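# Structural overview
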Amino acid sequence: MANILDYLNWRGDLTFEESPLNEVDGLILSNLSYVSFDSIVASPWEEEAISLRQASRIFWRERDEKELLKEFSLIKMTPFAMRRVAASKRFGDLQLMYYQNSVDPEKESQFSALCIRISKGEYYIAFRGTDNTMIGWKENFRMCFETVPAQKKAVDYLNYVGRKCQGQLWLGGHSKGGNLAIYAAAKARAEVRSRIIAVQNYDGPGFSKTMLNSAGYREIRSRIQKYVPASSVVGMLLEHDGNCTIVCSHVQGLQQHDPLTWRVFGTRFSSVPKRGEESRMMDQTLHDWIYSLSLDERRTFVNMLFRLMEETNIHTMNDFAGSRWRRKLWQIQRKIRADSGYRQVMKNAGHQMMEEFSKSLTHMRQMHHIRRKG
């Protein structure tokens, strides 16, 4: 079954004038935000633009393929996909601009976004998902109990770029980037929001009930296009309104979060009516576990978890690469055993999660029994 790289072989010779932007294009453009375009694409405070083809050439002059492949990340293949995308007629001449990339350890925030000019009056704003840093991962976890800095930065970015780009706007992002795209659209100035064609969320986590009931979210809800793989975990976290397309993938489990594994048919994703039973059980377990904890308990758990990471010198996902993960896991376990505070918090959270898992498993067995009797 084909993926987005095969899509480039089929459709890469067609311009956007000949074939308008579709859901597969949106995923490709969203994934460009994962590429480190620092010192290649102009910042939001500069009025320059560079074609994707030229940006790709500069990127690969400065990067080493072998070093990139050593990274421990679900998105490490994104630059390689970008090179294929940039070589196509469809995407190569698109103009990149207003690139912003910041990691703020003090505010525990990771944010990056990119504006792509599709035509004179049409722009795609792509928000980056979680990068390789523990700061980025902690900010993801913080979403379960508060509005995070990256969400506020996404609103500011959209309002700023929306003033610069007078025309129709597409918003999109993968993982946390999809969440940021929706949040920015819901909270943006009314004039900017009115020009948004669609918000494409590729397996991004949900929101609080307060956010889903807000006036801004209700206004853009009909323009949200959410896509999740059949075994989605990330895209089902927190609250969501259930309006999504279930995409097929050629891998299983958490690996399906990698968009390069998603199956494509023509200009659309191959889809199924509903997610797998195991995925729905995991979704229910995680949902019930998160909401079995108070906001203070969630905050304490997340802060302690990432303090453990810091104390064991885990700063990026690369610290788990190769055989290092065994040593790091041993160091974390030793810290927990030596500190009663860590032990208590982890024990309580683990106990509650096992309780929710047991409930979900019991429910699943009951449903199997009912179906067999029926």
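Residues numbered from 1 in each chain as written. Predicted model: local features only at pLDDT ≥ 70, side-chain atom pairs only at ≥ 80, totals over all residues. Heavy atoms only, no water.

### A look at the environment of Leu293
Among the structural elements, Leu293 can be located in the loop between α13 (277–292) and α14 (295–311). With relative accessibility at 7%, the residue Leu293 sits in the buried group. In sequence terms Leu293 and Asn348 are 55 residues apart; their C-alpha atoms lie 9.8 Å from each other. (Helix = DSSP H or I, 4+ residues; strand = E, 2+ residues; numbered from the N terminus. Buried < 20%, exposed > 50% of the residue type's maximum accessible area, 1.4 Å probe, protein only.)

### Describing the pairing of strand β2 (residues 95–104)
Relative to β2, strand β1 (residues 50–51) runs antiparallel, the two sharing 2 bridges. In the sheet register, Ile50 faces β2, and the bridge partner there is Leu96. Pairing of β2 with strand β3 (residues 109–119), which is carried by 8 bridges, proceeds in the antiparallel orientation. Pairing of Asp104 across the sheet is with Ser109, part of β3. (Pairing = 2+ DSSP bridges.)

### Some remarks on the nonpolar core
Within the largest apolar cluster, 56 residues are counted, with the highest numbers of intra-cluster contacts made by Cys115, Ile125, Phe127, Tyr157, Leu158, Leu169 and Leu171. Those residues in contact with Leu158 that sit more than four places away from it in its chain are Ile125, Leu169, Leu171, Ala184, Ala185, Ala188, Val192 and Ile196. With 44 residues, the next largest nonpolar core counts Phe59, Ala81, Met82 and Leu260 among its residues. (Core = buried A, V, L, I, M, F, W, Y, C linked by side-chain atoms within 4.5 Å. Contact = heavy atoms within 4.5 Å.)

### So, the sheet that holds strand β11 (residues 271–272)
Reading across from one edge, β1-β2-β3-β4-β5-β6-β7-β8-β11 is the order of the 9 strands in this open sheet, with mixed pairing throughout. Two strands in the sheet have a free side with no partner beyond their single neighbour: β1 and β11.

### Topic: unusual backbone geometry
For Ser175, which is not a glycine, the phi torsion comes out positive at approximately 60°. Structurally, Ser175 is set in the loop between β5 (168–174) and α9 (176–187). For Asp203, which is not glycine, the phi dihedral falls at a positive 60°. Of note, Asp203 is situated in the loop between β6 (196–202) and α11 (209–212). Relative accessible area serves as the criterion here: at 1%, Asp203 is assigned to the buried category.

### Things to note about the packing of aromatic side chains
Counted according to the given criterion, the structure contains 13 aromatic pairs. Ring centres 5.3 Å apart and planes at 15° place the aromatic pair Tyr202 and Tyr227 in the stacked group. With a gap of 25 residues between them, Tyr202 in strand β6 and Tyr227 in strand β7 (residues 224–229) connect regions that are remote in the sequence. Classification of Tyr202 as buried rests on a relative accessible area of 0%. Where Trp262 meets Phe269, the ring centres are 5.7 Å apart and the plane angle is 80°; that geometry is what we call edge-to-face. (Phe/Tyr/Trp six-rings, centres within 6.5 Å; stacked < 30°, edge-to-face > 60°.)

### Focus: the side chain of Lys226
On the secondary structure map, Lys226 appears in strand β7. It turns out Lys226 is buried and unbridged, and the closest side chain with the opposite charge, Asp203, is 6.5 Å from it. Side-chain polar atoms of Lys226 contact the backbone oxygen of Gly204, separated by 3.3 Å. (Lys, Arg positive; Asp, Glu negative; His and termini not counted. Salt bridge = Lys/Arg side-chain N within 4 Å of Asp/Glu carboxyl O. Polar contact = N/O pair within 3.5 Å; in protein donor to acceptor, adjacent residues only side chain to side chain.)

### Here's the deal with the packing of helix α8 (residues 149–164) against α9
Contact geometry of α8 with α9 gives a least axis separation of 8 Å together with a crossing angle of 55°. With respect to α9, the element α8 is oriented oblique. Pair α8 / α9 crosses with right-handed handedness. Contacts between α8 and α9 pair Ala150, Gln151, Lys152, Ala154, Val155 and Leu158 from the former with Lys176, Asn179, Leu180, Tyr183, Ala184, Ala185 and Lys187 from the latter. (Axes fitted to C-alpha atoms, helices over the stretch in contact; angles between N-to-C directions. Parallel < 35°, antiparallel > 145°, perpendicular 65-115°, else oblique. Left-handed = near helix turned anticlockwise from the far one by under 90°.)

### Here's the deal with the side chain of Ser88
Structurally, Ser88 is set in the loop between α5 (78–86) and α6 (89–92). Relative accessible area serves as the criterion here: at 8%, Ser88 is assigned to the buried category. A polar atom in the side chain of Ser88 sits 3.2 Å from the backbone nitrogen of Phe91. Setting aside residues no more than four positions away along its own chain, Ser88 makes contact with Leu8, Gly12 and Arg53.

### Quick notes on the state of the cysteines
Inspection of the entire model under this criterion finds 0 disulfides. Cys115 carries a free sulfur, and the closest cysteine sulfur to it, the one in Cys165, is 3.9 Å from it. By relative accessible area, which is 0% here, Cys115 ends up buried. In this structure Cys165 comes out as buried when scored by relative accessible area, which is 1%. (Disulfide = S-S within 2.5 Å.)

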